[in-house]
Protein chains: 2
Amino acid sequence: MPAVRLQLSMSLDGYVAGPRQSLENPLGEGGMALHEWALATRTFREMFGSEGGETGIDEDRAAASRANIGATIMGRNMFGPIRGEWENDDWKGWWGDNPPYHGPVYVLTHHARDSFAMEGGTTFHFVTDGIGPALELACAAAGDQDVVIGGGASTAGQYLRAGLVDELELHVSPIILGSGERLLEDLDDGLDGLEPVDVLSSQRVAHFRFVRS
Amino acid sequence: MPAVRLQLSMSLDGYVAGPRQSLENPLGEGGMALHEWALATRTFREMFGSEGGETGIDEDRAAASRANIGATIMGRNMFGPIRGEWENDDWKGWWGDNPPYHGPVYVLTHHARDSFAMEGGTTFHFVTDGIGPALELACAAAGDQDVVIGGGASTAGQYLRAGLVDELELHVSPIILGSGERLLEDLDDGLDGLEPVDVLSSQRVAHFRFVRS
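What counts and how
Residues numbered from 1 in each chain as written. Chains lettered and ligands numbered in written order. Predicted model: local features only at pLDDT ≥ 70, side-chain atom pairs only at ≥ 80, totals over all residues. Helix = DSSP H or I, 4+ residues; strand = E, 2+ residues; numbered from the N terminus. Rg over C-alpha atoms; globule rule 2.2 N^0.38 Å. Buried ≥ 20, exposed ≤ 12 C-beta atoms within 10 Å, placed from the backbone. Contact = placed C-beta atoms within 7 Å. Pairing = 2+ DSSP bridges. Axes fitted to C-alpha atoms, helices over the stretch in contact; angles between N-to-C directions. pLDDT = per-residue confidence, 0-100. Core = buried A, V, L, I, M, F, W, Y, C linked by C-beta atoms within 7 Å. Least-squares fit on C-alpha atoms with pLDDT ≥ 70 in both.

Asks: Residue-level account of the overall build of chain A, with values.
Replies: Broken down by element type, chain A carries six helices and eleven strands. Taking 17 Å as the expected radius of gyration for a compact globule of 213 residues, we find that chain A reaches 16 Å, a close match to that expectation. Each of the three principal axes of chain A carries a C-alpha extent, and together these read 45 × 40 × 35 Å. When burial is assessed residue by residue, chain A has 42% of its 213 residues classed as buried. Partitioning the contacts of chain A with sequence separation of at least 6, the portion at a separation of at least 24 is 62%.

Pasting the structure below:
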């Protein structure tokens, strides 16, 4: 079975996205700040077509987050700002013609839509029967590689509370968002079998890693 | 003016104390785990009368947290489990005959009580007119040294939201408490002038530091 990985950037007050997500603010207001550490790394600069970038602990964690991904699962808000029925097939996701997934992506939604392929190997599939079936499809597609739960907060929280995540990494920046979407809520049973591995940090962000014991 | 410092240990889901604080669980259920990193250090082992202890980043931060303290402010729950009127003067705090403060401590309460001195230089004073007057008294007593807001969550949050904290350090462990007392709530204005200095970590805890700019 592929390992199921969840890797999210989080504010010190626990938010993985800012409030009022919209077309202008896909990560919610202030949410982009959560990803500044990543956008400074060589891996993410390459991913977005620019050069240079830092090496060191943050680059190591960024590269690890991008390695060995066989399939990705995401919630509908992470795919786009549209709610309710799809009016047409014009919206192709937030990421342009060549999305940075380069493999199968399973989008959780209540509204069926045909799969479609993008440049660079990304194919979006739409799953209407919940997190379990989406995971089965993703695992079947991933083969020897891992399945990544891409987000957002709601989707990630559902997989976490269901005990379906095998490796968790939270990248915590010294940022206070004050409101938005929290990941670590309703976890009365804690992380349910996930044990801390270590804590690593650069001067700007701390990486907390857990694995299923 | 003395610097006002706030240093608290926090779980990854944002709790600085566990739920259901009681005489048996002064830090709330599960709350002691937040302090495991500190209890492993040389500074805190000495403080509680045992030998040995680790050196390194955690010891450096533990020693810094104990240095240059002229006065301490705490909420009543941090002083004891008693609520409402003081029935008598028998309760002298959680810390035994020789409390680890060794200086003036101002306890916020709605119920007046006479000051009293303990072994080792700790004197407990009781302040009934709120966080501002308590801070004035503490600053006057601290002289050239700093004032530390000892906690708990409610008292610390009041000082933080009032913009009265000059230096903030949060020690975040990879622990999920699931419920308890959160510090970083109702911070719509963020940290109001506190800027991140750096993030430091050992393998077991990350230290996030902020100072007033």
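Asks: Which residues make up the interface of chain A and chain B, and what values go with them?
Replies: Contact residues are listed per partner, giving 26 residues for chain A and 26 residues for chain B. Of all the elements in the fold, those that place two or more residues in the side of chain A that touches chain B are β8 (167-173), β10 (194-201) and β11 (206-212) of chain A. Counting residues per element, the side of chain A that touches chain B draws most heavily on β10(A), which supplies five residues.

Asks: Outline the sheet that holds strand β7 (residues 146-151) of chain B, listing residues and values.
Replies: Residue and element names in this part refer to chain B. Spatial ordering of the open sheet is given by β5-β6-β4-β3-β7-β1-β8-β11-β10, a layout of nine strands whose pairing is mixed. The sheet terminates laterally at β5 (116-117) and β10 (194-201), the two strands that pair on one side only. Across four bridges, the pairing between strand β3 (residues 69-75) and strand β4 (residues 104-108) is parallel. Bridge pairing links M74 to V107 in β4. Packing of helix α3 (residues 57-66) onto the sheet brings it into contact with β1 (4-11), β3, β8 (167-173), β10 and β11 (206-212), and relative to β10 it is tilted by some 140 degrees. In this fold helix α6 (residues 153-161) packs onto β1, β3, β4 and β7, with an angle of close to 135 degrees to the strand it touches most, β7.

Asks: Account for the confidence of the model for chain A, with residues named and values stated.
Replies: Mean pLDDT over chain A stands at 95; residues scoring 70 or higher make up 100%. If you check the scores for this complex, the pTM reads 0.95 and the ipTM reads 0.93.

Asks: Tell me what's going on with the environment of A:G120, and back it up with residues and numbers.
Replies: All names here are of chain A. Here G120 is to be found in the loop between β5 (116-117) and β6 (123-127). A tally of 14 C-beta atoms within 10 Å means that G120 is categorised as partly exposed. A C-alpha to C-alpha distance of 27 Å links G120 and H171, two positions 51 residues apart in sequence. Setting aside chain neighbours within four positions, we find G120 in contact with N98, P99 and H102.

Asks: Any chance you could break down the pairing of β3(B) for me, citing the residues and the numbers?
Replies: All names here are of chain B. Summarising burial for β3: five of the seven residues are buried, a large majority. Here five bridges tie β3 to β7, and the two strands are oriented parallel to one another. By the bridge assignment for β7, I73 is matched with I149.

Asks: Tell me about the sheet that holds β5(A), and please be specific about residues and values.
Replies: Residue and element names in this part refer to chain A. In space, the nine strands of this open sheet follow the order β5-β6-β4-β3-β7-β1-β8-β11-β10, with mixed pairing throughout. Lying at the two open borders of the sheet, with one neighbouring strand each, are β5 and β10. Looking at chain direction, β5 and β6 are connected through two bridges and run antiparallel. Considered in β6, the bridge of F116 is made with F124. Across the face of the sheet, helix α5 (residues 131-142) comes into contact with β1 (4-11), β3 (69-75), β4 (104-108), β6 and β7 (146-151) while running at roughly 160 degrees to β3. Contacting β1, β3, β4 and β7, helix α6 (residues 153-161) runs over the sheet at an angle of about 135 degrees to β7.

Asks: Summarise unusual backbone geometry; cite the residues concerned and give the values.
Replies: With an omega dihedral of -5 degrees, the bond running from A:G151 to A:G152 counts as a cis peptide bond. For B:H102, which is not glycine, the phi dihedral falls at a positive 55 degrees. Tracing the backbone through its elements, the reader meets B:H102 in the loop between α4 (76-79) and β4. Accessibility expressed as a C-beta count within 10 Å gives 16 for B:H102, which makes it partly exposed.

Asks: So what about α6(A)? Which residues, and what values?
Replies: Along α6(A), the positions that sit buried rather than exposed are A:A153, A:T155, A:A156, A:G157, A:Y159 and A:L160. Directly beyond the C-terminal end of α6(A), a positive phi value near 70 degrees is found at A:G163.

Asks: Please provide a residue-by-residue account of the pairing of strand β6 (residues 123-127) of chain B, values included.
Replies: Where burial is concerned, the two faces of β6(B) differ: the one with B:F124 and B:F126 is buried and the one with B:T123, B:H125 and B:V127 is not. Between the end of β5(B) and the start of β6(B), which pair antiparallel, lie five residues, with B:G120 showing a positive phi angle near 80 degrees.

Asks: An account of the environment of A:E29 is requested, with residue identities and associated values reported.
Replies: Relative to the elements of secondary structure, A:E29 occurs in the loop between β2 (15-17) and α1 (36-39). If sequence neighbours within four positions are ignored, A:E29 has contacts with A:G18, A:P19 and A:R20.

Asks: I'd love a proper account of the nonpolar core, names of residues and values included.
Replies: Nonpolar side chains tend to gather and get buried jointly when the protein is soluble and globular. One finds A:I73, B:I73 and B:V172 to be the most contacted residues of the largest nonpolar core, which totals 108 residues. Once you skip the residues sitting within four places of it in the chain, A:I73 turns out to touch A:Y106, A:L108, A:A134, A:L135, A:A138, A:V147, A:I149 and A:G150.

Asks: I'd love a proper account of the relation of the copies chain A and chain B, names of residues and values included.
Replies: If you rotate chain A by 180 degrees and push it 0.0 Å along the axis, it lands on chain B with an RMSD of 0.0 Å. In the structure described here, the two chain copies are related by an operation that fits a two-fold rotation axis. Of every C-alpha in chain A, the one belonging to A:S201 sits nearest the axis of rotation, 2.8 Å from it.

Asks: Quick one: what's the story with the environment of A:A206, residue by residue and with numbers?
Replies: Here A:A206 lies in strand β11. Separated by 169 residues in sequence, A:A206 and A:W37 have C-alpha atoms that sit 9.9 Å apart. Dropping the residues within four chain positions of it, A:A206 is found in contact with A:V172, A:V199, A:S201, B:V172, B:V199, B:S201 and B:A206.

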